[in-house]
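Residue strings, one per chain:
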Amino acid sequence: DVFGTPVTPSLASNGEWTFDNSGATGTMEIEIKEVDLAAGGTLNFLNVDIVISGDVDLGVLEDGLNIDAASTLEVAEGGKLTLTVEQVDALQTAGVILYGEGTVCVTGESGENGATATDGIDTDFSNLQTATVDLSGVSLSSLDSDGAVGISVSGAASDDMGTDLV
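Just so it is clear, the model here is predicted, and its values are computed rather than measured.

Next up on the list: the sheet that holds strand S5 (residues 42-46). Taken in spatial order, the three strands of this open sheet run S2-S5-S8, and their pairing is parallel. Two strands lie at the open edges of the sheet, namely strand S2 (16-20) and strand S8 (65-67), each paired on one side alone. Each strand of the sheet is rotated relative to its neighbour by a mean of 5 degrees, with strand direction disregarded. One ladder, built from three bridges, connects S5 with S8; its direction is parallel. If you follow Phe45 over to S8, its bridge partner there is Ile67.

Shown next as structure tokens:
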């Protein structure tokens, strides 16, 4: 907000934003409605409750998105969050669950690296527990040896308070 006029924040390609609530006694909630992000920028969340309420593409950041396990990531009703397969993998590894009544769209390639053929799961999307998970932007990696995208999606059963989503 600049003199009463809403302004969309912009993260430059060489910029870095860090929201750090580590060691604090209270909580920090960041709502993202709209943001202008450039490839090469870095966005860090440490012990932050993140709420996506607009159409937000964090995929442009690629490996510049860092969310720790102490953070939460909610996609609110009407919100849409776009991430890459690699970002979903990193969030899964970090133990970050995405939840809420919104939509997560995933883009990029899924598949094993070609070194070892597997008929198993190439990408585990079980941390995507929003009302809608859109995988239409996921394609098969050219290095995949079994010719199929093996994915796992659990889906949302309840919100962070344990309330069933219907």
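Averaged over all residues, the pLDDT of the protein equals 85, while 78% of them reach at least 70. Across the protein, element-level confidence peaks in strand S6 (residues 49-52) with a mean pLDDT of 98 and bottoms out in strand S14 (residues 151-152) with 65.

Before going further, it helps to spend a moment on a negative patch on the surface. A cluster of acidic residues, Glu62, Asp63, Glu86, Asp89 and Glu109, forms a negative patch on the protein surface. For Glu86, the position within the fold is in helix H1 (residues 85-94).

Calculation rules
Residues numbered from 1 in each chain as written. Predicted model: local features only at pLDDT ≥ 70, side-chain atom pairs only at ≥ 80, totals over all residues. Heavy atoms only, no water. Pairing = 2+ DSSP bridges. Helix = DSSP H or I, 4+ residues; strand = E, 2+ residues; numbered from the N terminus. Axes fitted to C-alpha atoms, helices over the stretch in contact; angles between N-to-C directions. pLDDT = per-residue confidence, 0-100. Patch = residues over 30% accessible without salt bridge, like charges linked within 9 Å, V, L, I, M, F, W, Y side chains within 5 Å. Areas by Shrake-Rupley, 256 points an atom, 1.4 Å probe, with all protein chains shown as cover. Salt bridge = Lys/Arg side-chain N within 4 Å of Asp/Glu carboxyl O. Lys, Arg positive; Asp, Glu negative; His and termini not counted. Charge placed at Lys NZ, Arg CZ, Asp CG, Glu CD.

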